[in-house]
Amino acid sequence: MRHSWALFAGTFVALALGVALIGVSASALAATWAVPTSPGAGNPSVTLTDGTGTAHTLSSGDLDLGGVQSVLALAGVVSAFVTVFVIVGTCAFGIALRRRDMGLLRLVGAGGPQVRRMVLGESLAVAVPAALAGCAVAAGAAPVAVEALNGTGLSPVDLRPGPLFWPLVFAAGSGLFMAVLGMLAASGRAARVRPTEALREADLDARTMTAGRGVMGVLMLVTGAVMLALAPGAGAEAATPLALFGMMALAVAATLLGPVYLPPLLRLMALPLRWADPVAGRLAAESVRTSRRRTASLVGPVLAILAIVGAFTTVLSTTGAATEADDRARTVAQLVVEPARGDELSTDDVAALRADPRVTAVSAPAALEVAVAGPDSVWKEQAAIADPTTLARTHRITVVDGSPGPLRPGTIAVSREFADWYGYRAGSTVTYGLFGGRPVKARVVAVLEGGSAVPPLLLPPGSRGAAPAPAPSRAAVLLDKEAAGSARAVAAELTARVGADRVRVVPSAQWFGEAATDQDRLNRLVLAVLTVPASLYALIAVAGTLVMSYSRRGREIAGMRMLGVSVGQVRRMALWETLSASALGVLIAAGVVAVGARAYQGSLTVFGGEAPLSVEWGMLAALTAACVLVGVVVSLAATGRLLRQAGVTMVTSRQ
């Protein structure tokens, strides 16, 4: 370990930062669990009985932390995926760089089990202090991360850092498990090193494609392909995990099967290098082509982080774009009305809008939360008090089952998503309760498909047992044919007529544009929480892999200098190598994301058309540039150090 400190330093840094990343994610998630979700006494509640006869009491004041917990859980998945990817790759690369050392040990009589025990002992000697260092970093960073999370507004309440003991224990245990797992695989390879490896110079190219690597690569390839093949017909909710985990599986397969397809791709990429820079380009081309494991280890972190960030950003942004496109396509109303102050439109405001002779229809659903009883549970659900007939005039709504009409007491309409998920249809009975009221049994008269315009439950006005009727937060206004052509002017006139201090009337296109801007801002916050920590970790892993790689290239650089290769040519060789490996990782990641995004796009539906594909080009371009920049800076710095050592070697040899 003292002799190969650069190799073990790379493993130490990767593991320590991985433990810190997992520890921060676990600590932030534990902070949400520490928030009491049950309200104090006096909040409205309702008691419902599920199909098994068990009574459940739910209160309206319960905090819903599911959104921020889902984001943090996904962030943990991203962190764990990148950490496993980097640590296992780093361990395998470290063993590959030491094949000649292992061969020397075997040459002097060391047995395979002895080599395996030595490698495992080295891994524990590195992993234990690395895990402790990672826990120390996580303990200091967790409060800062929680405060930063509060600043995003993703949590409905301010979070406070909770006890760190169990999150840090989980992080340390995960780090040790990953280190041992990586070294177990690497130690098996080390134990099979033959004594003749001590005489081999190109030791990195020996048996890069093993049987276990091939089997696992094919398995991950098939798994990812099956997931992505199932995604288009699975529906939006089921397609999301299928697309995400399918792209992750393809990224792993692309790394494991690298020795199969990297050589021909690298030969193609070497052609312009040979032409552009005959000496340095040819050296770089031969280096990346023959040192396949080193090239794969450089491609791996770039591929992993770009693939996973591209997967999450593309899925999230495409979902938002499809929802917006569907809402636009379904909205017939030319105007949207919102309160100028507060969050609710008054009954007088809605009545004044309907009284205008140019207004044909006004739909103003009043959103509220209800409790719904199912066969074996009771849950909260979003509902609205609205007239389906009026809603169908301002929006394009498809009747899936039943016949819509004015809802009467004891009847409800449900959305298609709600009906499909819980198995309801026209004629079914739904038991629900408004908080502060009594349970209500209602018959489903219609199943409607209308995107976000149709909430899971549509309730009739004056439902039995209802609390004071909520007021709508927004209204859609349908104008007659004559006024439809001058919607902006009519909006200004309606604002003046009802009162600019009471309402804000804007054309629907303008309102959708403003709503899309707000949603994009929220999406970027979510993406930042999901990807920024893992991206920084991956960038450090890229730097660590390069440091490990160049720690064993001293003889190679010195040999080039002895043969007359100039300093500038050696530096350009290092530059072309890094750019080639980075470009290859970017191209493979782009292919993985493109296949997964197309499969996910097929699962989304937009009224009257195809769901748009949205890609966060700015974020991905910045991450790509960061990977390239880190690689170039570290490789040139390491090359400069080796060139200085080579200069000393040349002077010594001449003397």
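See the structure above.
Here's what I pulled together on the structure shown here. What you see is a predicted model; the values in this text were computed from it and never measured.

### Let's talk about the overall build of the protein chain
Then comes step 1: Tallying secondary structure elements over the protein chain gives 19 helices and 15 strands in all.
Then comes step 2: The principal-axis extents of the C-alpha atoms in the protein chain amount to approximately 100 × 55 × 40 Å.
Then comes step 3: Put simply, the protein chain has 655 residues, and 50% of those count as buried.
Then comes step 4: The contacts of the protein chain with a sequence gap of at least 6 include a subset with a gap of at least 24, amounting to 81%.
Then comes step 5: On the protein chain, roughly 29,100 Å² of surface is accessible, and the fraction owed to carbon and sulfur atoms is 63%.
Then comes step 6: Taken as two groups, the 54 positive and 42 negative side-chain charges of the protein chain have centres that lie 15 Å from each other.

### Some words on the sheet that holds strand β3 (residues 335–339)
Then comes step 1: Read across the sheet, four strands follow the order β4-β12-β3-β13 without closing on themselves; strand pairing throughout is antiparallel. Edge strands, defined here as strands with exactly one partner in the open sheet, are β4 (359–363) and β13 (503–507). Looking at each pair of strands side by side, their axes are set apart by 25° on average, direction ignored.
Then comes step 2: Lying over the sheet, helix α15 (residues 487–498) contacts β3, β12 (475–479) and β13, oriented at roughly 175° with respect to β13.
Then comes step 3: Helix α16 (residues 508–550) contacts β3 and β13 of the sheet and is inclined by roughly 100° relative to β13.

### Comments concerning the side chain of Ser428
Then comes step 1: Its location among the elements puts Ser428 in the loop between α13 (416–422) and β9 (429–434).
Then comes step 2: Given the relative accessible area of 16%, Ser428 is considered buried.
Then comes step 3: If sequence neighbours within four positions are ignored, Ser428 has contacts with Ala442, Arg443 and Val444.

### Quick word on the pairing of β12
Then comes step 1: With five of five residues buried, β12 lies mostly within the body of the structure.
Then comes step 2: Neither face of β12 is exposed, since Ala475, Val477 and Leu479 on one face and Ala476 and Leu478 on the opposite face are all buried.
Then comes step 3: The sheet contact formed by β3 and β12 spans three bridges and is antiparallel. Its bridge partner being in β12, Leu335 is matched across the sheet by Val477.
Then comes step 4: One ladder, built from four bridges, connects β4 with β12; its direction is antiparallel. Following the sheet pairing, Val362 is matched in β12 by Val477.

### Description of the packing of helix α9 (residues 278–290) against helix α18 (residues 567–601)
Then comes step 1: One way to put it is that α9 packs onto α18 with a least axis distance of 8 Å and a crossing angle of 45°. The angle between the axes of α9 and α18 places the two elements in the oblique class. The hand of the α9/α18 crossing is right-handed. Facing Val279, Ala280, Gly281, Leu283, Ala284, Ser287 and Val288 of α9, the residues of α18 in contact are Gln569, Arg572, Met573, Trp576 and Glu577.
Then comes step 2: Taken together, the residues that form the contact of α9 with α18 break down as seven nonpolar, three polar and two charged.

### Re the packing of aromatic side chains
Then comes step 1: One pass over the full model with this rule turns up five aromatic pairs.
Then comes step 2: Ring centres of Trp379 and Tyr422 lie 4.4 Å apart, and the angle between their planes is 15°; this geometry places the pair in the stacked category. Separated by 43 residues along the polypeptide, Trp379 in strand β6 (residues 378–385) and Tyr422 in helix α13 bring together distant segments of the chain.
Then comes step 3: Judged by relative accessible area, Tyr422 falls into the partly exposed class, the value being 33%.
Then comes step 4: Measuring from centroid to centroid gives 5.0 Å for Phe418 and Tyr422, while their planes differ by 50°, and the two rings are tilted. With Phe418 and Tyr422 both in helix α13 and four residues apart, this pair spans about one turn of that helix.
Then comes step 5: In this structure an aromatic cluster arises from ring pairing among Trp379, Phe418, Tyr422 and Tyr424.

### Quick word on the pattern of salt bridges
Then comes step 1: By the definition in use, this model includes 12 salt bridges.
Then comes step 2: Of the charged contacts in the structure, one is a salt bridge between Arg497 and Asp356, with a shortest N-O distance of 2.6 Å. On the criterion of sequence distance, the pair formed by Arg497 in helix α15 and Asp356 in the loop between α11 (347–355) and β4 is long-range, its members being 141 residues apart.
Then comes step 3: The buried category is assigned to Asp356, whose relative accessible area is 2%.
Then comes step 4: In this structure, the salt-bridge partner of Arg358 is Glu493, at a minimum N-O distance of 2.2 Å. You can see Arg358 sitting in the loop between α11 and β4 and its partner Glu493 sitting in helix α15, a full 135 residues away along the chain.
Then comes step 5: Relative accessible area serves as the criterion here: at 23%, Arg358 is assigned to the partly exposed category.

Analysis parameters
- Within every chain, residues take consecutive numbers counted from 1 along the sequence as written.
- At least 70 in pLDDT is required for a residue's local features to be given in this predicted model, at least 80 for side-chain atom pairs to be given and counted, and no such filter applies to totals for whole chains, interfaces and linings, which use all residues.
- No hydrogens and no water enter the side-chain calculation; it runs on all heavy atoms of the structure.
- Helix numbering and strand numbering both begin at the N terminus, where a helix is a DSSP run of H or I of at least 4 residues and a strand a DSSP run of E of at least 2.
- Burial here depends on accessible area, computed with a 1.4 Å probe over protein chains only, as a share of the maximum for the residue type. Under 20% is buried, over 50% is exposed, and the range in between is partly exposed.
- Here, residues are in contact when the closest pair of their heavy atoms is within 4.5 Å.
- Using the Shrake-Rupley algorithm and a 1.4 Å probe, accessible areas are obtained, with residue cover drawn only from the displayed protein chains.
- Counted as positive: Lys and Arg. Counted as negative: Asp and Glu. His and the chain ends are not counted at all.
- Here the site of a charge means NZ on Lys, CZ on Arg, CG on Asp, or CD on Glu.
- Note on pairing: two strands pair once DSSP finds at least 2 bridges between them.
- Simply put, an axis is a line fit to the C-alpha atoms, just over the touching stretch for a helix, and the angle between two N-to-C directions goes from 0 to 180 degrees.
- By the definition adopted for this analysis, an angle is roughly parallel if under 35 degrees, roughly antiparallel if over 145, roughly perpendicular if from 65 to 115, and oblique otherwise.
- Left-handed describes a crossing whose near helix is turned anticlockwise from the far helix by less than a right angle; the clockwise case is right-handed.
- In this classification, Asp, Glu, Lys and Arg are treated as charged, Ala, Val, Leu, Ile, Met, Phe, Trp, Tyr, Cys and Pro as nonpolar, and every other residue, Gly included, as polar.
- Here is the rule: rings of Phe, Tyr and Trp (six-membered ring for Trp) pair when centre to centre is within 6.5 Å. Planes less than 30 degrees apart are stacked, more than 60 are edge-to-face, and the remainder are tilted.
- For this analysis, a salt bridge means a side-chain nitrogen from Lys or Arg found within 4 Å of a carboxyl oxygen belonging to Asp or Glu.

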